[in-house]
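Listed here are the chains, written in short residue letters.
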Amino acid sequence: MKAVDQSTKQGTKLQEQAGGAAMDNKIVNGSIFGQLLLFFFPILFGTFFQQLYNTADAMVVGRFVGKQALAAVGGSTSTLINLLVGFFIGLSSGATVVISQYYGAGKADKVHWAVHTSVAFSVVGGLVMMVVGIACAHPALVAMKTPDDVMGHSMIYLRIYFIGTVANLLYNMGAGILRAVGDSKRPLYFLIISCFINIALDLFFVAYLKIGVAGAALATILSQCISAAMVMVCLMRTKDIYQLVWKAVRIDRRMLRRIVRIGFPAGMQSIMYNVSNVIIQTGVNTLGTDNVTAWATYGKVDGLFWMMISALGISATTFVGQNYGAGRMDRVRKGTSVCMGIGVLLTTIVGVVLYTGGYLLVDLFTEDAEVRRISMELVRFMVPTFITYIAIEVLSGTLRGVGDAWMPLVITGVGICAVRVLWIIVALPVRPHILTAAFSYPLTWTITSLAFVVYYYCFSRLKRFNLKKYFRLPRF
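Not measured: the values here are computed from a predicted model.

## A short note on the overall build of the protein
A tally of regular secondary structure across the protein gives 18 helices and 0 strands. Taking 476 residues into account, the globule formula puts the C-alpha radius of gyration at 23 Å, and the protein, at 23 Å, falls close to it. Dimensions of the protein along its principal axes, counting C-alpha atoms only, are 70 × 65 × 40 Å. Counting across all 476 residues of the protein, residues that qualify as buried make up 56%. Counting only contacts in the protein whose residues sit at least 6 apart along the sequence, the fraction spanning at least 24 positions is 84%. Taken as a whole, the protein presents about 20,200 Å² of accessible surface, with 67% of it coming from carbon and sulfur. Placing the 41 positive and 21 negative side-chain charges of the protein at their respective mean positions leaves the two points 12 Å apart.

## As for the packing of helix 14 (residues 329-365) against helix 15 (residues 369-382)
Running from N to C, helix 14 and helix 15 point in directions that differ by 150 degrees, and their axes come no closer than 10 Å. Classified by the angle their axes make, helix 14 and helix 15 are roughly antiparallel. The handedness of the crossing between helix 14 and helix 15 is right-handed. Across from Leu-354, Tyr-355, Gly-358, Tyr-359, Val-362 and Asp-363 in helix 14, the residues of helix 15 making contact are Arg-372, Ser-375, Met-376, Val-379 and Arg-380.

## Quick notes on a nonpolar patch on the surface
Taken together, the side chains of Val-124, Val-128, Val-132 and Ile-251 present a nonpolar region at the surface, about 290 Å² in accessible area. Within the fold, Ile-251 resides in the loop between helix 10 (212-237) and helix 11 (253-285). According to the relative accessible area criterion, Ile-251 is partly exposed, its value standing at 36%.

## Points about the domain arrangement of the protein
Once the domains are mapped, the protein shows domain 1 (27-251) and domain 2 (271-462). For domain 1 versus domain 2, the distance between C-alpha centres works out to 20 Å. Joining domain 1 to domain 2, the criterion identifies 0 salt bridges. Our enumeration of links across domain 1 and domain 2 arrives at 6 residue pairs in polar contact (both at pLDDT 80 or more). Where the side of domain 1 that touches domain 2 is concerned, the elements lending two or more residues are helix 2 (26-29), helix 3 (32-64), helix 4 (67-74), helix 5 (76-105) and helix 8 (165-180).

## A look at the environment of Trp-423
With respect to the helices and strands, Trp-423 occurs in helix 17 (residues 406-430). Residues within four places of Trp-423 in sequence aside, it is in contact with Leu-428, Thr-436, Phe-439, Ser-440 and Leu-443.

## Focus on the packing of aromatic side chains
This model, assessed by the stated rule, comprises 20 aromatic pairs. Residues Tyr-103 and Tyr-242 carry aromatic rings whose centres are separated by 6.4 Å and whose planes lie at 65 degrees to one another, so their mutual orientation is edge-to-face. Placement of Tyr-103 in helix 5 and of Tyr-242 in the loop between helix 10 and helix 11 is noted, with a sequence separation of 139 residues between them. An aromatic cluster is present here, built from Trp-295, Phe-305, Trp-306, Phe-386, Tyr-389, Tyr-441 and Trp-445 joined pairwise through their rings. Note that Arg-380 overlies the ring of Tyr-355, its terminal NZ or CZ placed 5.1 Å from the centroid.

## Focus on unusual backbone geometry
Positioned with a positive phi, Lys-210 is a non-glycine residue whose angle comes to about 60 degrees. Within the secondary structure, Lys-210 is located in the loop between helix 9 (185-208) and helix 10. On the basis of relative accessibility, which here comes to 65%, the residue Lys-210 falls in the exposed class.

## Digging into helix 17
Over its 25 residues, helix 17 runs 35 Å from end to end, which matches the ideal 36 Å to within 8%, given 1.5 Å per residue. The largest bend along helix 17 measures about 35 degrees and falls at Gly-413.

## Notes on helix 13 (residues 303-325)
Spanning 23 residues, helix 13 covers 32 Å between terminal C-alpha atoms, matching the ideal 33 Å at 1.5 Å per step. Most of helix 13 is tucked away, with 17 of its 23 residues classed as buried. Count one or two residues on from helix 13 and you reach Gly-327, which has phi positive near 80 degrees.

Cut-offs used in this document
- Residues numbered from 1 in each chain as written.
- Predicted model: local features only at pLDDT ≥ 70, side-chain atom pairs only at ≥ 80, totals over all residues.
- Heavy atoms only, no water.
- Helix = DSSP H or I, 4+ residues; strand = E, 2+ residues; numbered from the N terminus.
- Rg over C-alpha atoms; globule rule 2.2 N^0.38 Å.
- Buried < 20%, exposed > 50% of the residue type's maximum accessible area, 1.4 Å probe, protein only.
- Contact = heavy atoms within 4.5 Å.
- Areas by Shrake-Rupley, 256 points an atom, 1.4 Å probe, with all protein chains shown as cover.
- Lys, Arg positive; Asp, Glu negative; His and termini not counted.
- Charge placed at Lys NZ, Arg CZ, Asp CG, Glu CD.
- Axes fitted to C-alpha atoms, helices over the stretch in contact; angles between N-to-C directions.
- Parallel < 35°, antiparallel > 145°, perpendicular 65-115°, else oblique.
- Left-handed = near helix turned anticlockwise from the far one by under 90°.
- Patch = residues over 30% accessible without salt bridge, like charges linked within 9 Å, V, L, I, M, F, W, Y side chains within 5 Å.
- Salt bridge = Lys/Arg side-chain N within 4 Å of Asp/Glu carboxyl O.
- Domains from an automatic or database assignment.
- Polar contact = N/O pair within 3.5 Å; in protein donor to acceptor, adjacent residues only side chain to side chain.
- Phe/Tyr/Trp six-rings, centres within 6.5 Å; stacked < 30°, edge-to-face > 60°.
- Lys NZ or Arg CZ within 6 Å of the ring centre and 35° of its normal.
- Expected span 1.5 Å × (residues − 1).
- Bend = angle between axes of the 7 residues up to and from the residue.

Pasting the structure below:
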C-alpha cells in the first residue's frame, strides 16, 4: 500500500508541476520572433564558447608545439571525434525532440521517463564510445593517410580524449534536456565556466609543463567532467517535471524505442556527414602538411558561421517540437519562416566579418607564411557560399521537431554525402588542389537545399502546396 501511495503522490506532484509548466511556457504562448531570439542567443553564445573550447586546444598547440601538432588536433583527430561523438549527439537529438513534445503537451510522466532513459543511455553510450574510440584510433588514422610527422601527435590526443567520452555525452544530453524544456541559459553558463577552465588548463599543461598534445587532451577531458557535473546537479535540483533522480535512472524500453526512432536517422545523418568529411580529409592529406594545416586552420576560422547556424537549427527543433506537441501548427510554420529570415540576416553579417577580417583569426593559429596564404585562399573562396546552407539546417531542424527524421536522412545522404564523395573521388585526382576539395561543399549545399525546400513545401506533413491542384497525373 505504501508503494501505491508513493506512486500516486509522485504522479499527482508531476501533474501539478506539468500544469504550472504549461501556463508559464512562453515558447508555446509568447511572441514567436521574441521567443526564438531569447532562445537562440544563449545557444549561439553557448556554441561560441563550445567553439572556443575546441579551438583553444588547436590555438595553444599551434603556438607552443608546432604546425604538426596543430594539424593533429585540428585535422584528422577532429574529423574522427566528430564521426563517433557526432553519431551519439545526433542519436540523442531524438531525446530532445521527444522531451520537447511531451513538455509542450504537459505530459509529466512521459517527460520523467524520457529524461531518465536519456541519462542512462548517455552513460552506456559513453562507455561503448570510449572502447571503440581507443581501439580504432590507429587503424582509422592510417586509413585516412595521416602524414607520418602528424601521426604520433594524433594518436596521443585521440586516446586521451576518448577516456572522457562519458562526461562529454552526459553534458550534451543534459544540455539537450534543458534546451528541450526551453532553458537555453544555464547550459550557456556551464559552458562558459568549463571553457575558461579548459583554456587555463591548456596553458598550464602545454605552455608551462610542456607536455604537448597530451596536455591539450587532458585539459579537454577535465573541463568536460566539470561541465557534466554542473549540468547533472542542475537537473537534480530543479523542481520542474524534468527533475533527475538517480535512483530512477534506467532505460525504459518503450521510451528508448521512441527516442531511437527519431534520433537514429539524425545519428546516421551525422555519420554520413562525417564520413564524407573523412574522405575529404583523406584527399587533403595527400596534398602535404601545409595544406593539411591550412585546412585545419580554416576549419577553426569558419566556426563562427557553424556555431550560428547550428544554434539556429537547435532553436528550430525545440520551438517546433514544443508547439507541435501543443497542437499549435500555425506557430510551427511561422516559426520556421522566422528562423529562415534570421539565418539569412546573420549569415550575411558573419560572411562580411569573415571575408574582411578572417586573416586576424588565421594569424591566431599559425605564424607559417604558406599556411596563412592557403588558409586565406580557403576563407575567400568558401565564405560567399555559406548562404546556400541555411535551408538545410533550418528545415532539417523543423522536420525533426515534428518527428520526421527519415527524409532529412535520405536527402542529406544523397545530396550531400554521395555527391561529395563522388566529387572527391573523380575531381580531386584530376586537379589536386585544395580548392578542388573545398568546392565539394557549396556544390552539395546547393543541391541539398533545393531538395529540402521542395520536400518541405510540397510533400512533408507541413506542406503548403498540394501538387494535385497543379498537376493531373495520368491514370494507368
